[in-house]
Amino acid sequence: MGRAGRRLPALAALFYGALAALVLLGVRDVLFLYEENRCSMTYMYEYPEYLKIKLPKKTARRYPAYELYLYGEGNYAEENKNLLLTGIPVLFLPGNAGSYKQVRSLGSIALRKAEDVDFKYHFNFFSVNFNEELVALYGGSLQRQTKFVHECIKVILKLYRDREFAPTSVAIVGHSMGGLVARALLTLKNFKPELINLLITQATPHVAPVMPLDKYLTAVNNHWILKAQDLRNLTTLSVAGGFRDYQVRSGLAFLPRLSQHDSALSVVSSAVPRAWASTDHLSIVWCKELILATIRAFFDLIDENTRQITEDPKKRMSVLNHHFVRHPAKIFEENPETSMELTGAFMWITVKTPKWTYSVYNDSDGKYFTFPLASHRKSYSHVYCGNSMLDTSSWIYGCMNSNSSMCLEATDLSWRAELLPGTKVVILKLQDYPSLSHIVLQVPPTVGNKYTLDCEFFREDSRTVQLPVTHLFSFGLSSSKILLNSTGLLYNVQLQHFNQVYQAFKIYIESHCHSLKERKPSVYRLHIPWSHEDSITVAKAPSSTEISAKLHIAQPQNDNRIPELNIYSSSDCQYEVILKTSLLQILGQVIRFHAGAFPVYVVSNILLAYGGQLSTLISTGQCSDFSLELVRTAKPYKVEPLLSIVVFLHGFHWFRVIRESLSLPEVDAAVLSSQDAWFPLVSLILFLFGTGIAYWSGVIFSTSLRLISSLWLTLIRPTVLQKDNKLITPRRLCGVLSLALVSWTTCGAFAVLIIYLRYLFKVIRLHMNVKAEQNILNGDLDHSKETSWNPSIDTIKNQSSMDSTSKATPQSLSNSTTVAEAVNSLKMHVTILNLFTWIMLLNLPSLIYWLKNLRYNVRLDPDPCRLTAIVLICILEILMNSSTSEVKSSKLLKIASKVPLPLSVAMLAFGQMHLYRVPHFVTFSLLLHVLCCVV
């Protein structure tokens, strides 16, 4: 039994070490294993200047840390110094710790675009200086920033008063939390929604805060949903960064789908035409490809009559879809003419083969290639055509009236095209065009240009293959494989059963070509039909390519569409597709979607171990080690079944009615499930990961305390262990009142930090004193053994020694008992301090914000932890002066030892999306401990 008992801690350390290693692997996948940055940097052609706009005195006095600027360059900046503005106002809102100077990418490219149209239209870009506040860490500043932006909009519109084309609204571009500030405008009571005509957000967490550290960050979404009817005229575009953005995952950036609100569009940057690149959280502001798409959209949104952004919501959505979803390689037209006559002295050539390729180089004669459809309708269902000439002119038509030699009337099918890297393609279903007699491809005269056209008729079922994805628990040991033997131009590989965010795969595509001639590259597109999150990869042919397949958004319940791998291939190449489960990326998905809940699971495990230590005080009178108690008490079957039952019951209407009648909050796991972010076994996995982190963080924490106390022991002489019978003294009461005053007048987190450091100092001193007393006792014991076993000592001396030893025995026993009690108290203090360390970390963001803005305001208002801080100060002042001997005899100890389990379940049920609730559960548990010391 002794050997088995010694093995148990070693096996536990190994097991929890493996869990912690899995967490680190997932973190590594999120932070480091993503595609390279394919964005180009935007550059200014002239020196950027920022003209400070004078605000009303009342506004400047109320918001001394905030400012409003107008962006300009060169002569344009000089002309605007008198503020006689005639352009279209756009307001840029920076995000968390963002600079107002980040507007320069948008402003500079918009200026160049205005020069291209001889300033017929131009934009005035304003930017707000939020003093680089950490708004993501502290929601209180969100309210202040929102009110300031409202004042800025009023100031901006006043600048255009009495102008010929004076605007009545502004467009807003918000980066990260700046987008949330823009949305929060609609929560203000006196704000008029018509003051905003267009809202573009970049990497903004619309669904939920990344780290829900206080209640202010969670309020905006509810107001947004409640005011859905008022937002029908506001067009909103949300652009997410993709997997490179590990700060705000793309699923959070997708706008909530509101009833009767179809003026919202959410896209991932990897799916945006002409960008096709994932961006990190900062590069989304300066990514040239995205900025170009944004500025082109702005200019296409201009109404020629009002010289402002159009008030027609349908046109606004058409423009945004044109530039951010499906670009036909044509300049935007609101009502394009599709019916036309094909004119010009072009040669007409009939092509009757089902597959055709034509290369153009220095062709001085224009040509029309006609493909008669009558002979193909019976054998084929679709036609595919591609063109590597990426100009914006029309190139493919459907003939509606023809004679024997040429087409007399045609419809322009170029608007049906889709732009892809290096090519533009059209896929037509022949059944949808019964009136067409021919497909016509136009090849204009070219000088110096080299490009290729391809066309192919095919049956859809012959080019659509199904590839079942491998099981989640195959761990990459098995694979699904398919060989595409045909040498067609297009394949659609359906990835069956690929619909959940916890799935992640590696797709390997090998292309084998019959000849070594130069050919256009292959394009692989992972198409997710229920959201705009496609990713595109370009590869040479022949080649071997690796693609990661994972989702930002799970498949909606009523959507049965299947994700596809579209292969736009070279004409004489064959392709082999191999799919394997990627364990590393599955771990990455768990971290990406649930890293914010880790503190809840860690604190829950520590709380269970803390309850176990109180239980051992009852059963044995001794306090066990934290690590041993964590192994004994932190069992998933104690927590997970209760949590699963609560989530299950939440699906019933009667349970929700009871919950609402008791004013209980909504269960977080049920909310996550409704957002398709909660998947089978995720809570069990997170609990085990939390146990691993709690175990090793506890080991590292206690080891650090031991090392610090050992170092201190070598420098300072320890004091004698003394039992303090008074928990509350006048001096301590004054200390509590002083810290409570600090919390009330400055920042609650600051007062919590002070009491935490005091507690830490006291535990280190106790550790040092216990170690010193143990060394003394061990030395006395060694001396006693040496004396009793020495045969050369005289019998009389032995008798004398025995007499003296018998006299000293009560003192030694007393010291031994005192040290044992001190060791028990030390173990309990270390666990409480470990628990309190995590609470301190959760309160740290508001402290950082307060320190950064101390020069503007000494008092943090609103303070998310002021009241909690005052309660914690009182509790910890008593606990740091308590010992286990006082707790053992308490009648409340049984209750205090049982409470951590239900508190852990409640914490997991209500704290995963509301981290600010976690300190409340811990405070209640520690309050019972204080009562045990008193009662």
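Here the structure is shown first, and the text comes after it.
Residues numbered from 1 in each chain as written. Predicted model: local features only at pLDDT ≥ 70, side-chain atom pairs only at ≥ 80, totals over all residues. Heavy atoms only, no water.

(A) Local environment of the nonpolar core. L705, Y759, I832, L833, F836, L879 and M907 are the most contacted members of the largest nonpolar core, which totals 119 residues. Looking at this core, the element that brings in the most residues is helix α21 (residues 795-852), giving 15 residues. Residues contacting I832, with those up to four places away along its chain left out, are Y610, Y759, L876, L879, L926 and H929. By size, the runner-up hydrophobic cluster in this structure holds 43 residues, among which are L106, V239, L265 and V319. (Core = buried A, V, L, I, M, F, W, Y, C linked by side-chain atoms within 4.5 Å. Buried < 20%, exposed > 50% of the residue type's maximum accessible area, 1.4 Å probe, protein only. Helix = DSSP H or I, 4+ residues; strand = E, 2+ residues; numbered from the N terminus. Contact = heavy atoms within 4.5 Å.)

(B) Helix α15 (residues 636-649), seen in detail. Compared with the 20 Å implied by 1.5 Å per residue over 14 residues, the 20 Å span of α15 between its first and last C-alpha is a close match. Among all positions of α15, only P636, V639, E640 and L643 are buried. Taken around the axis of α15, the buried residues stretch over an arc of 90°, which confines them to a single face. Of the exposed residues in α15, the ones pointing more than 90 degrees away from its buried face are Y637 and F648. The elements touched by buried residues of α15 are α13 (598-619), α18 (682-715) and α25 (900-910). (Expected span 1.5 Å × (residues − 1). Arc of directions from axis to C-beta.)

(C) Focus on a positive patch on the surface. On the surface, K54, K57, K58, R61, R62 and K147 cluster together into a patch of positive charge. Take the positive patch: its biggest share by element is 4 residues, from helix α2 (residues 57-62). Here R62 shows up in helix α2. R62 gets classed as partly exposed once you look at its relative accessible area, which sits at 47%. (Patch = residues over 30% accessible without salt bridge, like charges linked within 9 Å, V, L, I, M, F, W, Y side chains within 5 Å. Areas by Shrake-Rupley, 256 points an atom, 1.4 Å probe, with all protein chains shown as cover. Salt bridge = Lys/Arg side-chain N within 4 Å of Asp/Glu carboxyl O. Lys, Arg positive; Asp, Glu negative; His and termini not counted. Charge placed at Lys NZ, Arg CZ, Asp CG, Glu CD.)

(D) Structural context of the sheet that holds strand β12 (residues 347-350). Here we have 6 strands laid out as an open sheet, ordered β11-β17-β16-β20-β14-β12, and mixed in their pairing. Lying at the two open borders of the sheet, with one neighbouring strand each, are β11 (339-340) and β12. The pairing of β12 with strand β14 (residues 367-372) spans 4 bridges and is classified as parallel. Along β14, the bridge assignment pairs W348 with Y368. (Pairing = 2+ DSSP bridges.)

(E) A look at the state of the cysteines. Applying the stated criterion across every chain, the model contains 4 disulfides. For C385, the disulfide goes to C455, at an S-S distance of 2.0 Å. Taking the torsion about the S-S bond as the criterion, the C385 to C455 disulfide, at about 110°, is right-handed. In this pair, C385 is assigned in strand β15 (residues 382-387) and C455 in strand β21 (residues 450-458), connecting sequence segments 70 residues apart. Just as C385 is buried, C455 falls in that class too. (Disulfide = S-S within 2.5 Å.)

(F) Fine view of the packing of α13 against α18. Viewed as axis vectors pointing N to C, α13 and α18 meet at an angle of 65°, and their least axial separation amounts to 8 Å. Along this stretch, α13 crosses α18, giving a crossing that reads as right-handed. Here F598, Y601, V602, N605, I606 and L608 of α13 come into contact with α18, specifically with S683, L686, F687, F689, G690, T691, I693 and A694. For the contact of α13 with α18, the class distribution of residues is 10 nonpolar, 4 polar and no charged. (Axes fitted to C-alpha atoms, helices over the stretch in contact; angles between N-to-C directions. Left-handed = near helix turned anticlockwise from the far one by under 90°. Nonpolar A, V, L, I, M, F, W, Y, C, P; charged D, E, K, R; others polar.)

(G) The pattern of salt bridges, seen in detail. Counted according to the given criterion, the structure contains 25 salt bridges. Between E115 and R112 there is a salt bridge, and its shortest N-O distance comes to 3.2 Å. Of this pair, E115 and R112 both sit in helix α4 (residues 104-116), 3 residues apart, roughly one helical turn. Taking relative accessible area as the criterion, E115 reaches 36% and is therefore assigned partly exposed. Two residues, E334 and K315, come together in a salt bridge whose shortest N-O distance is 3.9 Å. Taken together, the residues E334 in the loop between α10 (313-324) and β11 and K315 in helix α10 connect sequence positions 19 residues apart. Exposure remark for K315: the relative accessible area of 12% places this residue in the buried category. One connected set of salt bridges, linked through shared partners, spans E46, E73, R112 and E115.

(H) Broad picture of the packing of aromatic side chains. For the coordinates displayed, the defined rule picks out 35 aromatic pairs. Each ring, one from Y16 and one from Y695, has its centre 5.1 Å from the other, and the planes form 35°; the classification is tilted. Here Y16 is found in helix α1 (residues 2-31), whereas its partner Y695 is found in helix α18, with 679 residues between them in sequence. Take Y16: its relative accessible area is 6%, and that puts it in the buried class. Look at Y695 and you get buried, because its relative accessible area is 7%. Among the aromatic residues, ring-to-ring pairing joins W356, Y358, F369, F371, Y380 and F457 into one connected group. (Phe/Tyr/Trp six-rings, centres within 6.5 Å; stacked < 30°, edge-to-face > 60°.)

(I) Representation of the sheet that holds strand β13 (residues 355-361) within the structure. Spatially, the 5 strands line up as an open sheet ordered β13-β21-β15-β19-β18, and their pairing is antiparallel. A strand with exactly one partner marks an edge of an open sheet, and here the two such strands are β13 and β18 (418-420). Ignoring which end each strand starts from, the neighbouring axes of this sheet average 15° apart. Inspection of the sheet shows β18 paired to strand β19 (residues 423-429) by 3 bridges, in the antiparallel sense. Within β19, the residue paired with L420 across the bridge is T423.

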